[in-house]
Amino acid sequence: MRVVVVGTGYVGLVSGVCFADFGHEVVCVDTDPAKIATLRDGGVPIYEPGLETLLNANITAGRLSFTTDLGTAMQGAQAVFIAVGTPSRRGDGHADLSFVYAATEDIAAHIEDFTVVITKSTVPVGTGDEVEAILARTCDPAHFAVVSNPEFLREGAAINDFKRPDRVVVGTEDPRAQEVMRELYRPLFINETPIVFTTRRTSELIKYAGNAFLATKITFINEIADLCEAVGADVQDVARGIGLDKRIGAKFLHAGPGYGGSCFPKDTLALVKTAEDYKTDLSIVSSVIQANTDRKTAMAYKILDACGGDVSGKRLAVLGLSFKPNTDDMRDAPSLTILPFLQKKGADIMAYDPAAIDEARPLLPGVSFAPDAYVALEGAEALILITEWDQFRALNLDRVRGVMRAPLVIDLRNIYRPTEMRAQGFTYFSIGRA
Ligand code: NAD
């Protein structure tokens, strides 16, 4: 099947590459000519493990190509995915749908035979109706169907998540569109991946409800971590003790500095805005948003306290800047709250991240960047661990202590054990543990 993917960001690019790997003929389209030029040369503009290899294999196999010309891409296409960004709208927190609607207008100009237009972007309930209305202004309604097919992949594990998902959600009641969707996901049907067919509005809401639930789970364990610190309990044992209950599940129970990233912050906000529009109370999600915002600031104060209440003129080493490991995505990363706070208090920060430095540099003026963890630690009076990249789990602690000016570690991801760190001579602070 000929498939077009509009938008080659984290979701569009991974989807396009994986659909090609499923055997479809895929053309990826973006308005950014520099991105398309890189992709045509077999380069990948984002950090995503395994993506470059799979991309090049499918280019070589002749199933994957890239263009800025949507008209050419759409010739003979049966399915067109919209995978453009839906950031928070400045000022009010609603999802900004301008990219989705602009892409829809572009698509409308090129529909000829029956085409399924699929929103893979995360879009609020009712967006599919608006996409349909835009298409209907210029296209015969017999020539298209609009489907919601939200994406659940995680950056850093995106290929596996796309090819082996827990489920696929398809929102359409149009039998022709259902047939096209079945064909698109045929390898997953064969694997017996659950495919949830539902209405378009329900599908749109499933994505937001899922993200809001996960954000709630993280925020819940973060608050329990604070209580653990107050009462002398261990949050990791609490997480294990409750996570083994199958009704709860062990995932997303890692206490830390608050969630960030390109999805949870904007999607929780947009869900609350939708609820407000429909005069429905989502007080749990509103509380989660507030608690998570407060948490990032609380982490900055925690660091300040650990440094004796004064970081003025002190060299601090920060390891990990991206919102989570295995991605270069800096969107809403906790580091973007914590580092400027410490700088304002007079700290001199040297940071290292295995992939996100290029993204971080313009967002963190005044921060110095090191070529590796040990250079960042030279002469530092504290090590602040913000993102749990695997390489930080295996630091040579003798070397760390040797290069630092003072052996103070503030581990916001609990990757080290308090007893071991203290035995090694570190003053060690972590989350929710004595
Ligand atoms: P992104 O910002 O990385 O990429 C969006 C791309 O779309 C950019 O390359 C941009 O140039 C391009 N674009 C914008 N308008 C266009 C147009 N009219 N025609 C062609 N290209 C256009 O975004 P992303 O992180 O991939 O997210 C895309 C959507 O997927 C969002 O709605 C997001 O919420 C959702 N989502 C993201 C993730 C994730 O982990 N990043 C996971 C699940 C769902």
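Everything quoted here is computed from the prediction, not taken from an experiment. (Residues numbered from 1 in each chain as written. Predicted model: local features only at pLDDT ≥ 70, side-chain atom pairs only at ≥ 80, totals over all residues. Heavy atoms only, no water.)

Attention now moves to the overall build of the protein. Within the protein one finds 19 helices and 14 strands. For a compact globule of 434 residues, the expected C-alpha radius of gyration is about 22 Å, and the protein comes in at 23 Å, within 12% of that figure. C-alpha atoms of the protein, sized along the principal axes, occupy 70 × 50 × 40 Å. In the protein, which comprises 434 residues, the share counted as buried stands at 54%. Accessible surface, the protein: about 19000 Å² in total, of which carbon and sulfur atoms supply 51%. Of the charged side chains in the protein, 44 are positive and 56 negative; the average position of the first set lies 5 Å away from that of the second. (Helix = DSSP H or I, 4+ residues; strand = E, 2+ residues; numbered from the N terminus. Rg over C-alpha atoms; globule rule 2.2 N^0.38 Å. Buried < 20%, exposed > 50% of the residue type's maximum accessible area, 1.4 Å probe, protein only. Areas by Shrake-Rupley, 256 points an atom, 1.4 Å probe, with all protein chains shown as cover. Lys, Arg positive; Asp, Glu negative; His and termini not counted. Charge placed at Lys NZ, Arg CZ, Asp CG, Glu CD.)

It is the contact of helix α10 (residues 200–231) with helix α11 (residues 235–243), at a shortest axis distance of 9 Å, that shows an interaxial angle of 135°. It follows that α10 is oblique to α11 by the angle criterion. The interaxial crossing formed by α10 with α11 has right-handed handedness. Across from F220, I221, I224, A225 and C228 in α10, the residues of α11 making contact are V235, V238, A239 and I242. Classifying every residue of the contact of α10 with α11 by side-chain character gives nine nonpolar, no polar and no charged. (Axes fitted to C-alpha atoms, helices over the stretch in contact; angles between N-to-C directions. Parallel < 35°, antiparallel > 145°, perpendicular 65-115°, else oblique. Left-handed = near helix turned anticlockwise from the far one by under 90°. Contact = heavy atoms within 4.5 Å. Nonpolar A, V, L, I, M, F, W, Y, C, P; charged D, E, K, R; others polar.)

Right, let's talk about the sheet that holds strand β12 (residues 382–385) for a bit. The six strands are arranged β11-β10-β9-β12-β13-β14 in an open sheet whose pairing can be described as parallel. At either margin of the open sheet sits one strand with a lone partner, and together these are β11 (368–369) and β14 (427–429). Across three bridges, the pairing between β12 and strand β13 (residues 408–411) is parallel. Residue L383 lies in a different strand from β13, and its bridge partner there is V409. Sheet strands touched by helix α14 (residues 335–344): β9 (315–319), β10 (348–352) and β12. Its angle to β10, the strand with the most contacts, is close to 155°. (Pairing = 2+ DSSP bridges.)

With that settled, consider the site of the ligand. Within the structure, the ligand sits among 27 residues, and D30, K35, T86, E155 and K266 are positioned closest to it. With respect to the ligand, the backbone of V11 contributes an N or O atom lying 2.8 Å from an oxygen atom. In the model, a nitrogen atom of the ligand is placed 2.8 Å from a nitrogen or oxygen of the E155 side chain. Protein coverage of the free-state accessible area of the ligand, which is 850 Å², stands at 88%. (Near = heavy atom within 4 Å. Polar contact = N/O pair within 3.5 Å; in protein donor to acceptor, adjacent residues only side chain to side chain.)

This paragraph deals with the pattern of salt bridges. Applying the stated rule across the entire model yields 24 salt bridges. As a salt-bridge pair, R186 and E183 come within 3.4 Å of each other at their nearest N and O atoms. The shortest N-O distance in the salt bridge between K266 and D267 comes to 2.8 Å. Residue classification places D267 among the buried positions, given a relative accessible area of 1%. One continuous salt-bridge network, built from bridges that share partners, spans D129, E132, R200 and R201. (Salt bridge = Lys/Arg side-chain N within 4 Å of Asp/Glu carboxyl O.)

Attention now goes to the packing of aromatic side chains. All told, the structure shown has eleven aromatic pairs when counted by the stated rule. Plain terms: the ring middles of F19 and F162 are 5.1 Å apart, the flat faces sit at 85° to each other, and that makes the pair edge-to-face. In this pair, F19 is assigned in helix α1 (residues 10–21) and F162 in helix α7 (residues 158–163), connecting sequence segments 143 residues apart. According to the relative accessible area criterion, F19 is buried, its value standing at 0%. For F162, a relative accessible area of 2% puts it in the buried group. Cation over ring: R167 sits above F152, and NZ or CZ is 3.6 Å from the ring centre. (Phe/Tyr/Trp six-rings, centres within 6.5 Å; stacked < 30°, edge-to-face > 60°. Lys NZ or Arg CZ within 6 Å of the ring centre and 35° of its normal.)

With that settled, the discussion passes to the side chain of R413. Looking at the element boundaries, R413 is found in the loop between β13 and α19 (418–423). Relative accessible area serves as the criterion here: at 18%, R413 is assigned to the buried category. A polar atom in the side chain of R413 sits 3.2 Å from the side chain of E388. The contacts of R413, once residues within four sequence positions are left out, are P257, F323, L385, I386, T387 and E388.

On to the environment of A406. Note on placement: A406 falls in the loop between α18 (397–403) and β13. Considering only alpha carbons, one finds A406 and Q391, 15 residues apart in sequence, at a separation of 22 Å. Leaving out residues up to four positions away in the same chain, A406 has contacts with A380 and E381.

What follows deals with the packing of helix α13 (residues 283–306) against α14. Orientation of α13 relative to α14, taken along the N-to-C sense of each, is 45°, at an axis distance of 8 Å. When the interaxial angle is binned, α13 and α14 end up oblique. Like other packed secondary-structure pairs, α13 and α14 cross with a definite hand, here right-handed. Seen from α13, the contacting residues are K296, T297, M299, A300, Y301, I303 and L304; seen from α14, they are T337, I338, F341 and L342. Residue composition of the contact of α13 with α14, by class: eight nonpolar, two polar and one charged.

Each regular strand displays side chains that alternate between the two surfaces of the sheet. Judged by which residues are buried, strand β4 (residues 79–82) turns out to be covered on both faces: A79 and F81 on one side and V80 and I82 on the other are all buried. Sheet topology places strand β1 (residues 2–6) next to β4; four bridges connect them, and they run parallel. For V5, the partnering residue across the bridge sits in β4 and is F81. Sheet topology places β4 next to strand β5 (residues 115–119); four bridges connect them, and they run parallel. Following the sheet pairing, I82 is matched in β5 by T119. Tracing the backbone out of β4, into helix α5 (residues 98–108) and back to the parallel element β5 gives a crossover that is right-handed. (Right-handed = clockwise from strand over helix to strand, strands pointing away.)

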